[in-house]
Amino acid sequence: MAVLSLVMIMRDAAALLPGFFDHHAGLWDEAVVVDTGSSDGSADLAAARGARVLTQPWRDDFSAPRNAGLDAALGAGILL
């Protein structure tokens, strides 16, 4: 079981993801990324960095992807 999980909602974040993962490496035990419809390869980049990637269609509501990520996270603590 993970001690600390990162849960991230994203869409078309390919330009930002490498820097984010490089800068914050080692701060969590697992990363759960909920992709809400990226078309720029963001999901593949996140997966290549070890994140578990879920897809959730965007419905003008942050709660659905947030809750999907929280449900998937295994950590006792969660960074959101």
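Up top is the structure.
Residues numbered from 1 in each chain as written. Predicted model: local features only at pLDDT ≥ 70, side-chain atom pairs only at ≥ 80, totals over all residues. Heavy atoms only, no water.

Enquirer: Describe in detail the overall build of the protein, supporting the description with residues and values.
Expert: A tally of helices and strands in the protein yields three helices and four strands. The N-to-C order of helical and strand elements in the protein reads β-α-β-α-β-α-β. Along the longest, intermediate and shortest principal axes, the C-alpha atoms of the protein span 30 × 25 × 15 Å. Counting across all 80 residues of the protein, residues that qualify as buried make up 35%. Taking all contacts inside the protein whose residues are at least 6 apart in sequence as the whole, residues at least 24 apart take part in 64%. Carbon and sulfur atoms make up 56% of the accessible area of the protein, which totals about 4600 Å². Each charge sign in the protein was given a centre, from 5 positive and 10 negative side chains, and these centres are 3 Å apart. (Helix = DSSP H or I, 4+ residues; strand = E, 2+ residues; numbered from the N terminus. Buried < 20%, exposed > 50% of the residue type's maximum accessible area, 1.4 Å probe, protein only. Contact = heavy atoms within 4.5 Å. Areas by Shrake-Rupley, 256 points an atom, 1.4 Å probe, with all protein chains shown as cover. Lys, Arg positive; Asp, Glu negative; His and termini not counted. Charge placed at Lys NZ, Arg CZ, Asp CG, Glu CD.)

Enquirer: I'd like a rundown of the pairing of strand 3 (residues 52-55), residues and numbers included.
Expert: Pairing between strand 2 (residues 30-35) and strand 3: four bridges, direction parallel. Across the sheet, residue Val34 finds its bridge partner in strand 3, namely Leu54. Assessed by its sense of winding, the connection that carries the chain from strand 2 through helix 2 (residues 42-48) to strand 3 is right-handed. (Pairing = 2+ DSSP bridges. Right-handed = clockwise from strand over helix to strand, strands pointing away.)

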